[in-house]
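# Summary of the model geometry
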Amino acid sequence: MAASVMLEQLFWPPVLVFAVLGGGVYLWAVLDGLAARLLGPPQAQSVWLSPLSRGAWLLVQQANTTEAPDLWGWRLAPALYLALAAVGLALVPWSRDWVATDLATSLVLWGSVEALATVVIFLHGWSANSHFALMGAYRYVALGLSYLLISMFVLIGAALPAESLALTQIVTSQEDVWNIVRQPLGLPLFLLVGLALTFRGPFNLADTRDMAGGTGVAVSGPPRLVWALARSAMLVAFSGIAATVFLGGWLGPWLPGPLWVVLKMLAVLAVLAGLGRWFAVVSPSRCLSLMWLVLLPLSFVDLVWAGVVALL
Amino acid sequence: MAVSWLSRLAVRGPATVFPALGMHGEDALYRLARDPGIALVDTPRHAAILLVAGGVPPHLQDALRRVHDQLPAPCATLWYQSEPLLELNQPGAVIIDDPAALPGAVKKTWRRLITREQDTAPRLLPDTPPNPWQGLGDDGHGGEGMMGGVPYGRPMAMPPTPDLRDGLALDVLTFRLGPFFPLWPAGLAAEVALQGDIVQQFAVVSPAFPQAVPQIFVEAQSRPVAIAELERKRVQHHLYAFFHALGLAHLPGLARRALALAEQCDSRPVQALDKAFTAFERALVRRGFFALYLPRGATLEGEDARALGGVAARAAGVEDDARHADDGYRRLGFSPVTQQAGDVPARWRQRLAEIQQSLRLIGRAEQGDAVTAATDSIELPQGTGSAHELLENQLPGLEWSEALATVASLDVAEVSPWPHP
Amino acid sequence: MNTSIGVDVAFWLLAVFAVYTGWRVFRTDSMVRASFFLLLSFIAVGAIMLLLSAVYLGVAMFFMMGVEMMVMALFMVMFMMNPAGLNPMMMVHQHKLSIGAGVAGFAILAAMALLAGFPQQALPADLEPVASLGHELMGDSMLIFESAGVVLLATMIGVVVLSSPRGRFGSAQHGSMPPGLEPGGDPAGMPEKSEEAGGHHHHHHGH
């Protein structure tokens, strides 16, 4: 009895989370590769093999050091980012009673995952003891403080009809209509937050080309692979949360619940891959103005809309 | 074994190359950028192959040694139209002079490196800290007092100038950005002082390598040449500038399209070029190059703009164009185009306008076989002056990515008196 | 109180971790590292709050401390006269006084923790922490929280406005100064220039 309880609570949730992360990261790399081939320069390799061969090369390459880095922080930061992504994915409910971590406040825990992600990305840049890495890190912090507010307002708006902060309740509150229909501003804003959280595409202010790679400028070899894995894993976790909060999670006809969640996550990842590759990178001052003057008021509007609809 | 299947998987990926450009090394860059099996990276840490393209002058060879030592193992060096460093000039050094053989040689080196047929290159410089600091000083931090003096060889952060902005003065971060930085003109080395993310001081330590003009412009200074050929080279120059800027804007697909168009400038019929260019311009706007990426950057006006000449001057409203004095051009209906604003987006719009103007001129010139009439007023695509002093005056006060966008929008290097080799 | 062995083990591990990282705040040689060690200590405390069934407060602790320590680390990088926090530096001063104050503080707090009489009643089985927190916020404590919330919002907006480069008398890039009382006169309302001019004599003791 105790053994099966322990198996259920301590063994299966981490296995589930890491299995989904592994598969999700590979599928995201394939989707990103497809978007790159459609929108970017032609690539020589097959889209299925390309992530594997790039990862293999990073494993073969030596992990270099700089003159006096904060070695603990530098090597731990990618692993911590991966751990945060795993914590975020553990919150996603796969069906009514199949969820790795069912907290009453899972939405706030996702918010703290986002906040701690900012810390970890800064640590990755600062620990390298290199100028461009530091600049990428603190530039990202300025961006991070902007999108945290937007993300929390949008998520609170989704929590209002559910009258609960637990993700399972939010999904059951979407049984008659999904939140993407009920709160039309929510998902577009949340997708932009996702791009900013993983500093991808137009919001790539941390690992940007004009700083020769930003926080990753001095990283090579296996740590660079872990960092890339962690960024993709955070996107996978983010897509899980987006599918749960706005697209109805496990709800849907014919197919079993978990399969619906996976399909919705893949849809969100495909949209993010396209958005990430289509647009040019936003200049930092324009990005801050955009976040504070356009997106934050829009998230207020979304919250007020959700409140009015909940009162009626 | 684990190593061998990992290596076999790794070999199938793109060859990662860090291009260290010497004098006239850009065509190696363009040739490699077109090859899908080769990935050009921005930092030596992400590369396995160091490509030194073009001659490196002796005063920059120390910097080249430091770049060489930054590549992690397994690494190798290829020398393209360049003399290897003394320490690396062994029998096995790979020296390539033929442009067509370059991509093949890069991929061959990549394969040999990953499958361990070739050893990784040796380190050139000693791996010791330049300023030993551990255990020295009052608190073991190398220096006096609580601040730790000068450890890591970095200067203390006493602000030499008051912050350009109002408010609390942020710390100064000073660093030297070297001659092989891939995101600005080759050979430019500068000492940059940042406070926060704003450039406070920009001191050029070593100017960018002079840019050679195409052979046809040199000939135009001694005899009449076909206007169509001149204008094709001008379009090519502007498209290469777009290639660099679109790389900075994270639009690699559009950058590659600009490069492909530039390579076809010499041979393709002008109607096809025109159609392709119009599609390219539409894509630029739709992908947010102007709306999202381009900052206002440094605004040129008046005397500065006039001294620079070329695109920068005309984008600031100065109507100086040497082609206007040429009868051959006037017969084709040429009149200078200008923008008013003089900032970074204006310069890019000016380039777009001038490319369109040149394409129209090519069409008309090819119909009539028009030639230039004057040999003393030739409008070079780069303009007249070099922009180094301008950078020192204009970049302080700009944020870092605005500063780089400004550098990309100007023709910084001076014009070399010798033609393209 | 009957708690499972797992909860006890978790509590002791977290408590030791919180104390250790708190000690490391003072023994490390970089301000940024000090901020992050403090963050780790607070995260351990937040996890202990989760063990005490304060579900919302514990998770909110992670959230708040993450952003706060991040901003603190960023300020260290911006202002510390220590280029980007990359130089090692001695973090503590006035050793005797601070050790004495620390020991005294520890003694007082430990006495409070060990000798005070904490309530013995168990939590009701159907406790919904978030719902009860919500009822309290919207019920008896509404005045406090609403006024605090509005003050915080006004502060945030005020900070963003103050940091805008568009000052009242011109752009901050050019040092916005008010116009003079007479045309071409000195800027109005400015204090007299003191004799020790040029004076950013920051003799910081690293803090």
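Residues numbered from 1 in each chain as written. Chains lettered and ligands numbered in written order. Predicted model: local features only at pLDDT ≥ 70, side-chain atom pairs only at ≥ 80, totals over all residues. Heavy atoms only, no water.

Taking an unreviewed UniProt entry as the reference, chain C is identified by name as NADH-quinone oxidoreductase subunit J belonging to Halomonas cibimaris. Quoted straight from UniProt, the Catalytic activity (unreviewed entry) entry for chain C says "a quinone + NADH + 5 H(+)(in) = a quinol + NAD(+) + 4 H(+)(out)". Of the comments in the UniProt record for chain C, the one headed Function (unreviewed entry) reads "NDH-1 shuttles electrons from NADH, via FMN and iron-sulfur (Fe-S) centers, to quinones in the respiratory chain. Couples the redox reaction to proton translocation (for every two electrons transferred, four hydrogen ions are translocated across the cytoplasmic membrane), and thus conserves the redox energy in a proton gradient." (UniProt positions renumbered as here; feature names shortened; annotations may be inferred.)

You'll find chain B entered in an unreviewed UniProt entry as NADH-quinone oxidoreductase subunit D domain-containing protein, with Halomonas cibimaris given as the organism.

Here, the residues flagged by UniProt with the feature "domain: NADH-quinone oxidoreductase subunit D" (unreviewed entry) are residues 299–365 of chain B. Helix makes up 60% of residues 299–365 of chain B and strand makes up 0%, while its end C-alpha atoms are separated by 35 Å. (Helix = DSSP H or I, 4+ residues; strand = E, 2+ residues; numbered from the N terminus.)

All names here are of chain B. By the assigned domains, chain B splits into domain 1 (2–114) and domain 2 (211–419). Each of domain 1 and domain 2 was reduced to a C-alpha centroid, and the two centroids are 30 Å apart. Between domain 1 and domain 2 the total buried area reaches about 700 Å² when both faces are included, carbon and sulfur atoms providing 65% of it. The interface formed by domain 1 and domain 2 contains 1 salt bridge. Joining domain 1 to domain 2, the criterion identifies 3 residue pairs in polar contact (both at pLDDT 80 or more). Residue composition of the side of domain 1 that touches domain 2, grouped by class: 4 nonpolar, 1 polar and 1 charged. (Domains from an automatic or database assignment. Buried area = accessible area lost by both parts, 1.4 Å probe. Salt bridge = Lys/Arg side-chain N within 4 Å of Asp/Glu carboxyl O. Polar contact = N/O pair within 3.5 Å; in protein donor to acceptor, adjacent residues only side chain to side chain. Nonpolar A, V, L, I, M, F, W, Y, C, P; charged D, E, K, R; others polar.)

All right, on to the side chain of S239(A) then. All names here are of chain A. Examined against the element boundaries, S239 turns out to sit in helix α9 (residues 222–246). At a separation of 2.7 Å, a polar atom in the side chain of S239 contacts the main-chain carbonyl oxygen of V236. When near neighbours in sequence (up to four residues on either side) are disregarded, S239 contacts M265, V268 and L269. (Contact = heavy atoms within 4.5 Å.)

What follows deals with the packing of aromatic side chains. Residues and elements named next belong to chain B. Going through the model one piece at a time under the given rule, you end up with 28 aromatic pairs over all chains. Relative to F280, the ring of F242 lies with its centre 5.9 Å away and its plane at 90°, an arrangement referred to as edge-to-face. Note that F242 is positioned in helix α6 (residues 227–248) and F280 in helix α8 (residues 270–286), a separation of 38 residues in sequence. Summarising the burial analysis for this pair, F242 and F280 share the class buried. On the numbers, 6.4 Å between centres and 55° between planes, the contact of F242 with F289 is tilted. Placement of the pair is F242 in helix α6 and F289 in helix α9 (residues 289–293), with a sequence separation of 47 residues. (Phe/Tyr/Trp six-rings, centres within 6.5 Å; stacked < 30°, edge-to-face > 60°. Buried < 20%, exposed > 50% of the residue type's maximum accessible area, 1.4 Å probe, protein only.)

This brings us to the confidence of the model for chain C. Across chain C, the average pLDDT comes to 81, with 80% of residues at 70 or higher. For the stretch residues 195–207 of chain C, pLDDT sits under 50, and the model shows 10 contacts to residues farther than four places along the chain or on other chains. (pLDDT = per-residue confidence, 0-100.)

Residue and element names in this part refer to chain C. Annotation from UniProt places "transmembrane region" (unreviewed entry) at residues 6–23, 35–56, 62–85, 97–118 and 142–162. Taken end to end, residues 35–56 is 86% helix and 0% strand, and its first and last C-alpha atoms sit 24 Å apart. As annotated, residues 97–118 comprises 86% helix and 0% strand, and the C-alpha atoms at either end are separated by 32 Å.

In sheet architecture, strand pairing relies on hydrogen bonds along the backbone and comes in two forms, parallel and antiparallel. Residues and elements named next belong to chain B. Ordered in space as β2-β1-β3-β4-β5, the 5 strands form an open sheet in which the pairing is parallel. Of all the strands in the sheet, just β2 (38–40) and β5 (94–96) have a single pairing partner and so form its edges. Between one strand and the next, the sheet's axes are offset by a mean angle of 30°, whatever the strand orientation. In this structure, strand β4 (residues 76–80) lies alongside β5, joined through 3 bridges in parallel fashion. For L78, the partnering residue across the bridge sits in β5 and is V94. Where helix α4 (residues 102–114) meets the sheet, its contacts fall on β1 (15–21), β2, β3 (49–53), β4 and β5, and the angle it forms with β4 comes to roughly 165°. (Pairing = 2+ DSSP bridges. Axes fitted to C-alpha atoms, helices over the stretch in contact; angles between N-to-C directions.)

All names here are of chain B. With respect to burial, β3 is a largely interior element, 5 of its 5 residues being buried. Covered by surrounding structure in β3 are I49, L51 and A53 together with L50 and V52, the residues of both alternating faces. Direction of pairing for β1 relative to β3: parallel, over a ladder of 5 bridges. Its bridge partner lying in β3, V17 is registered against I49. In terms of strand pairing, β3 meets β4 through 5 bridges, oriented parallel. Residue pairing for β4: V52 is matched across the bridge by W79. Running through helix α3 (residues 61–70), the crossover from β3 to the neighbouring parallel element β4 is right-handed. (Right-handed = clockwise from strand over helix to strand, strands pointing away.)

Glancing now at the interface of chain A and chain B. With 51 residues of chain A in contact, the opposing surface of chain B contributes 58 residues. For the pair chain A and chain B, the two sides together bury roughly 4600 Å², of which 60% comes from carbon and sulfur. Sorting the residues of chain A by area buried against chain B places W57(A), H131(A) and R209(A) first, and these three jointly supply 16% of that buried surface. Run the count over chain A and chain B and you get 2 salt bridges. Note that R209(A) is salt-bridged to D42(B), the shortest N-O span being 2.6 Å. Linking chain A with chain B are 23 residue pairs in polar contact (both at pLDDT 80 or more).

Another point: the environment of A85(A). Residue and element names in this part refer to chain A. Looking at where A85 falls in the secondary structure, it is placed in helix α3 (residues 71–90). Residue A85 is classed as buried on the basis of its relative accessible area, which comes to 0%. Distance from A85 to G157, taken between C-alpha atoms, is 23 Å for residues 72 residues apart in sequence. Beyond its immediate sequence surroundings of up to four residues, A85 is in contact with A230, A233, M234 and A237.

Attention now goes to the sheet that holds strand β6 (residues 172–177) of chain B. Residue and element names in this part refer to chain B. Here we have 3 strands laid out as an open sheet, ordered β6-β7-β8, and antiparallel in their pairing. The open sheet has two free edges, formed respectively by β6 and β8 (198–206), since each of these has just one partner strand. On average, adjacent strands in this sheet sit at an angle of 15° to one another, irrespective of strand direction. For β6 and strand β7 (residues 189–195), the ladder comprises 6 bridges, and the chain directions are antiparallel. For V172, the partnering residue across the bridge sits in β7 and is Q195.

The next point concerns the pattern of salt bridges. Opposite charge on two side chains permits them to pair, given that their charged atoms come into close proximity. All names here are of chain B. On inspection of all chains with the given rule, the structure shows 27 salt bridges over all chains. Among the ionic pairs, R296 bridges to D343, the shortest N-O distance being 3.3 Å. Remark: D343 occurs in the loop between α12 (327–331) and α13 (344–368) and R296 occurs in the loop between α9 and α10 (302–308); sequence separation between them is 47 residues. Overall, the relative accessible area of 54% leaves R296 in the exposed class. Between R314 and E354 there is a salt bridge, with its nearest N and O atoms 2.5 Å apart. Linking R314 in helix α11 (residues 310–315) with E354 in helix α13, this pair joins segments that are 40 residues apart in sequence. A single burial state applies to R314 and to E354, both of which are buried. Among the charged side chains, a salt-bridge network with shared partners connects E231, R234, R314, D321, R323, E354 and E379.

All names here are of chain A. Here helix α5 (residues 131–162) crosses helix α8 (residues 186–197) at 150°, and the two axes come no closer than 9 Å. By the angle class used here, α5 and α8 are roughly antiparallel. For the pair α5 and α8, the crossing hand works out as left-handed. Residues Y140, L143, Y147, I150, S151, V154 and L155 of α5 lie in contact with α8, whose contacting residues are G186, L189, F190, V193, A196 and L197. Looking at the contact of α5 with α8 residue by residue, the class counts come to 11 nonpolar, 2 polar and no charged. (Parallel < 35°, antiparallel > 145°, perpendicular 65-115°, else oblique. Left-handed = near helix turned anticlockwise from the far one by under 90°.)

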